Amino acid sequence: MATFWCTEALPLAVTAMLPICLFPTLGILPAKMVCPQYFIETNFLFLSGLVMASSIEEWGLHRRIALKVLSIVGVKPAWLILGMMLTSSFLSMWLSNTATTAMMLPIANAILESLFGDLESLKQRCKSPEDRDNTVINGQSSTKLHSLPSEVSEKQTLSTEGTDASELPDVRTTEEIRSESEYQLKVWKGFLICIPYAASIGGTATLTGTAPNLILIGQLKNYFPDCDLINFGSWFAFAFPLMLLFLFLGWLWISFLYGGLNARLCFTKHDHRALAESRAKALMEDDYRKLGPMNFAEGAISFFFVLFAVLLFTRDPKFVTGWSVFFKKGYVSDAVTGVIIVSILFFFPSQKPSLKWWFDPKGGFAMAKACEESGLASWIGGHLQPLAEVPPAAAVMLITAFLACFTEFASNTATIIIFLPVIAELALRVSVNPLYFMIPATVGCSYAFMLPVSTPPNSIAFASGHLMVKDMVKTGFVMNILGILSVSLAMNTWGVAMFSLSSYPDWAHPFNQTIKPNVHLPTAPSINTTL
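Residues numbered from 1 in each chain as written. Predicted model: local features only at pLDDT ≥ 70, side-chain atom pairs only at ≥ 80, totals over all residues. Heavy atoms only, no water.

In plain terms, the rule: UniProt positions are given in the numbering used here, feature names are shortened, and annotations may be inferred rather than shown by experiment.
For the chain, an unreviewed UniProt entry supplies the name Solute carrier family 13 (Sodium-dependent dicarboxylate transporter), member 3 and the organism Nothobranchius kuhntae. Quoted straight from UniProt, the Sequence similarities (unreviewed entry) entry for the chain says "Belongs to the SLC13A/DASS transporter (TC 2.A.47) family. NADC subfamily."

### Here we look at the overall build of the chain
The condition that has to hold: Elements are defined by DSSP. Helices are runs of H or I of four residues or more, strands are runs of E of two residues or more, and each kind is numbered from the N terminus. Summary of the burial criterion: residues with accessible area below 20% of their type's maximum are buried, those above 50% are exposed, and those between are partly exposed, where the area comes from a 1.4 Å probe applied to protein chains only. What makes two residues a contact is simply this: any of their non-hydrogen atoms within 4.5 Å. Working definition of accessibility: Shrake-Rupley area with a 1.4 Å probe, residue cover restricted to the visible protein chains.
Across its full length, the chain carries 25 helices and 0 strands. Counting every position in the chain, which comprises 531 residues, the buried fraction comes to 52%. Within the chain, residue pairs in contact and separated by at least 24 positions form 81% of the contacts whose partners lie at least 6 positions apart. When the accessible surface of the chain is summed, it comes to about 23,900 Å², and 64% of that surface belongs to carbon and sulfur atoms.

### Concerning the nonpolar core
Applied cut-off: Residue types Ala, Val, Leu, Ile, Met, Phe, Trp, Tyr and Cys, when buried and joined through side-chain atoms within 4.5 Å, form a set referred to as a nonpolar core. Domain start and stop positions are those given by an automatic or database domain assignment.
Counting 131 residues, the largest nonpolar core has Phe224, Ile254, Phe437 and Ile439 as the members making the most contacts within it. Of all the elements, helix α14 (residues 232-257) adds the most residues to this core, at 13 residues. Taken domain by domain, the makeup of this core includes at least three residues from each of domain 1 (1-39) and domain 2 (394-508). Filtering out sequence-adjacent residues up to four positions away, Phe437 remains in contact with Pro392, Ala395, Val396, Ile399, Ile423, Leu426, Ala427, Val430 and Val432.

### Considerations on the pattern of salt bridges
For side chains bearing opposite charge, pairing can occur when the charged atoms are close. Keep this limit in mind: The working definition used for a salt bridge is a side-chain nitrogen of Lys or Arg within 4 Å of a carboxyl oxygen of Asp or Glu.
Taken as a whole and assessed by the stated rule, the structure comprises 6 salt bridges. In this structure, Arg64 and Glu298 form a salt bridge, with 3.1 Å as the shortest nitrogen-oxygen distance. In this pair, Arg64 is assigned in helix α6 (residues 61-73) and Glu298 in helix α16 (residues 296-314), connecting sequence segments 234 residues apart. Given a relative accessible area of 6%, Arg64 falls into the buried group. Of the charged contacts, one joins Glu425 and Arg429 as a salt bridge, the two residues approaching to 3.8 Å between their closest N and O atoms. Separated by 4 residues within a single helix, Glu425 and Arg429 lie in helix α21 (residues 412-429), roughly one turn from each other. The burial state of Glu425 is the same as that of Arg429; both residues are buried. Here the residues in one salt-bridge network are Asp286, Arg289 and Lys290, joined through shared partners.

### Observations regarding the UniProt feature "transmembrane region" (unreviewed entry) in the chain
Under the UniProt annotation, the feature "transmembrane region" (unreviewed entry) is placed at residues 12-31, 76-95, 229-254, 296-314, 326-348, 394-423, 435-455 and 475-497. Secondary structure within residues 12-31 divides into 70% helix and 0% strand; the distance between the first and last C-alpha atoms comes to 21 Å. Taken as a whole, residues 435-455 contains 48% helix and 0% strand, while its terminal C-alpha atoms sit 25 Å from one another.

### Comments concerning the layout of surface pockets
Take a probe with the size of a water molecule and roll it over the atoms, and the empty space left behind shows itself. To keep things clear, this is the line we draw: Put simply, the grid is 1 Å and covers the protein atoms alone, a cavity is a trapped set of points that fit a 1.4 Å probe, a pocket is an open set with protein on both sides within 12 Å along at least five of seven lines, and lining residues have an atom within 4 Å of a point. Grid points are joined across faces, edges and corners, and a volume is the space filled by probe spheres set on the points.
Empty space within the largest pocket amounts to approximately 1,100 Å³. Together, 36 residues line the largest pocket, and Lys221, Asp228, Arg315, Gly330 and Ser333 are the ones closest to its centre. Sorting the residues of the lining of the largest pocket by element identifies α4 (31-34), α5 (41-58), α13 (211-223) and α17 (334-344) as the ones contributing at least two each. For the lining of the largest pocket, the leading source of residues is α13, giving 5 residues.

### Focus on the side chain of Arg64
Rules: N or O atoms within 3.5 Å of each other form a polar contact, as long as, within protein, one can give a hydrogen and the other can take it, and as long as residues adjacent in sequence are counted only when both atoms are side-chain atoms.
Only 3.5 Å separates the side chain of Arg64 from the backbone oxygen of Leu291, close enough to count as a polar contact. A distance of 3.1 Å separates a polar side-chain atom of Arg64 from the backbone oxygen of Gly292. Other than its neighbours up to four places away in sequence, Arg64 contacts Tyr288, Leu291, Gly292, Pro293, Met294 and Glu298.

### Things to note about α21
Every α-helical turn comprises 3.6 residues, leaving residues that sit three or four positions apart pointing alike. Put simply, the test is: What a helix should span is 1.5 Å times the count of its residues minus one. Consider a residue and the seven residues that end there alongside the seven that start there; fitting an axis to each set, the bend is the angle between those axes.
In a regular helix each residue adds 1.5 Å, so 18 residues correspond to 26 Å; α21 covers 25 Å between its end C-alpha atoms and thus fits that length. At Phe419, α21 shows its maximal bend, which comes to roughly 35 degrees, and the proline Pro421 appears one to four places after that position. Counting buried positions along α21 gives 15 out of 18 residues, so the element sits mostly inside the fold. Once α21 finishes, Ser431 follows within two positions and takes phi at roughly 60 degrees, a positive value.

### Some words on unusual backbone geometry
With phi around 60 degrees, Ser431 is a residue other than glycine that occupies positive phi space. Considering the arrangement of structural elements, one finds Ser431 in the loop between α21 and α22 (434-444). For Ser431, a relative accessible area of 7% translates into the label buried. Non-glycine residue Ser500 carries a positive phi angle of around 50 degrees. Along the chain, Ser500 falls in the segment after α25 (494-499).

### So, the environment of Ser96
By the secondary structure assignment, Ser96 is in the loop between α7 (77-92) and α8 (97-116). Expressed as a C-alpha distance, the spacing of Ser96 and Gly209, which sit 113 residues apart in the sequence, is 6.6 Å.

### Let's talk about the packing of α21 against α22
So the rule is basically this: Only the stretch in contact is used when fitting a helix axis, every axis being a line fitted to C-alpha atoms; angles between N-to-C directions are given from 0 to 180 degrees. Just so you know how the angles are binned, under 35 degrees is roughly parallel, over 145 roughly antiparallel, 65 to 115 roughly perpendicular, and the rest oblique. Crossings are classed by handedness, with left-handed meaning an anticlockwise turn of the near helix from the far one by less than a right angle and right-handed meaning a clockwise turn. When residues are sorted by character, Ala, Val, Leu, Ile, Met, Phe, Trp, Tyr, Cys and Pro go into the nonpolar class, Asp, Glu, Lys and Arg into the charged class, and all the rest, Gly among them, into the polar class.
Across the interface, α21 lies against α22 with an axial gap of 8 Å and an inter-helix angle of 160 degrees. When the interaxial angle is binned, α21 and α22 end up roughly antiparallel. In this structure, α21 crosses over α22, and the sense of that crossing is right-handed. Across from Ile416, Leu420, Ile423, Ala424, Leu426, Ala427 and Leu428 in α21, the residues of α22 making contact are Pro434, Phe437, Met438, Ala441 and Thr442. Across the contact of α21 with α22, the residue classes tally to 11 nonpolar, 1 polar and no charged.

### Observations concerning helix α3 (residues 18-25)
Taken as a whole, α3 has its buried residues at Leu18, Pro19, Ile20, Cys21 and Pro24. One or two residues past the end of α3 sits Gly27, with phi positive at roughly 75 degrees.

### So, a nonpolar patch on the surface
Under the convention used in this document: Only residues whose relative accessible area exceeds 30% and that form no salt bridge enter a patch; like-charged residues are grouped when within 9 Å of one another, and nonpolar side chains (Val, Leu, Ile, Met, Phe, Trp, Tyr) when within 5 Å.
There is a patch of nonpolar side chains on the surface, built from Met1, Trp5 and Leu12 and spanning about 290 Å² of accessible area. Following the sequence through the fold, Leu12 ends up in helix α2 (residues 12-16). Since its relative accessible area comes to 45%, Leu12 is described here as partly exposed.

### What about the packing of aromatic side chains?
The test is simple: Within 6.5 Å between ring centres, the rings of Phe, Tyr and Trp (the latter by its six-membered ring) count as paired, and their orientation is classed by plane angle as stacked under 30 degrees, edge-to-face over 60, tilted in between.
Applying the stated criterion across every chain yields a total of 23 aromatic pairs. Ring geometry for Phe224 and Trp507: centres 5.3 Å apart, planes at 65 degrees, overall edge-to-face. Of the two residues, Phe224 sits in the loop between α13 and α14 while Trp507 sits in the segment after α25, which places them 283 residues apart along the sequence. For Phe224, a relative accessible area of 0% corresponds to the buried category. Geometrically, the ring pair formed by Phe296 and Phe348 is stacked, given 6.2 Å between the ring centres and 5 degrees between the ring planes. With a gap of 52 residues between them, Phe296 in helix α16 and Phe348 in the loop between α17 and α18 (365-373) connect regions that are remote in the sequence. Taken together, the ring pairs in this structure connect Tyr197, Phe246, Tyr447 and Phe449 into an aromatic cluster.

What follows is the structure, encoded as structure tokens:
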């Protein structure tokens, strides 16, 4: 380290992280003793995800992935919505939900304009002739003057040229044109609303995907130090199927609500809509070609990205033996794995080296610690005692529903920081495996779909000006219900088997002395897994 600091072969801050890479792997000190010398161990896993995401965005790999997926799924509205949701959710597993939404919306708008033309013209076509006449009388013209942009945005880098196919003669009546325009406007809304929703859903699939997942790990280590059931691999094995289930249900609902599910999915018609779809397909293929072949830097990032995911997943997946057995037991953690991979990014060569890095470890654990030490968590948990009379499966649904509603008005991070200690306290009081309540609470905090203020992705989509609050409320209400049911299904099926939720664990002991000493915690309470 002294040599690296003197020669600056690596950025000074990266050199400072070498003990996290080397001490656990060489068997000198375990990660749980090394990491606290910097900050909370969980924050290192979060930092690793941020650095990996920054490298992906730095070299534009996210855009290549998005265009490739969209060109594969096709250009029919329902398939494009599915492609948007798959791409957004996949990127959100590794990038932040906000960054994913901000990146995908310009691509979506460019495809929509190729399909349906300018939005303002589309809105004018949706109006009846009387409404258009009134607009002109009031001094408003339907002609939109476009000023030159002050700077080039990602959306403007997409090509706007259509195919060479000749336009079909328009023999439709005015009412048919208006009806078709109303359909196109519905599809436009569906495109915009599916992206933030998919980003929020995708973030739940990995521990690094969204802050509440990492806070769950941090607080589990605080309250139940002996619990080692949840790591990157076991969480992914549980949450990824849940994400796919909810994503599929959400796609069906959004496609149904916004006109994507129709006979055109199975049959091809040669009409104006088919011509617009061919233009959109040509647009995506042309923009993908403009990216050119994958360069060395993109290939390197792809390799390390896959390696990052595979190593985290296989370290100790619980259902099979992981590679951590080659090191001293308990020494190498997910945080160590992540730091090793992202540290390589700072010296691995590329055509245009970029040694930019940043981190801003944001705490939040102080609030949870205050809730614990002050007895607030215990006090609120005591007032939630009536839930002890409710079957555990029903309590899971109530907890998920409550936090999903609460997080509509507060950030998911603040919500989980405040309520996770309460949920843990409640689980101890009712003698249920704490994970049975804490996992649904964590996932439920990411299911904020009803209001623009619920999440930054929702706000970005709403700020486009094409969505109304009632659109988000109508769509998001059903999305919340689907999410609650999906979490309940996951927890009472494969969740029970993965995390041994049917028995009370030895590691779950009271973490606050304010719990009444005469509370009896049985060793094997039964959990009814019937929904």
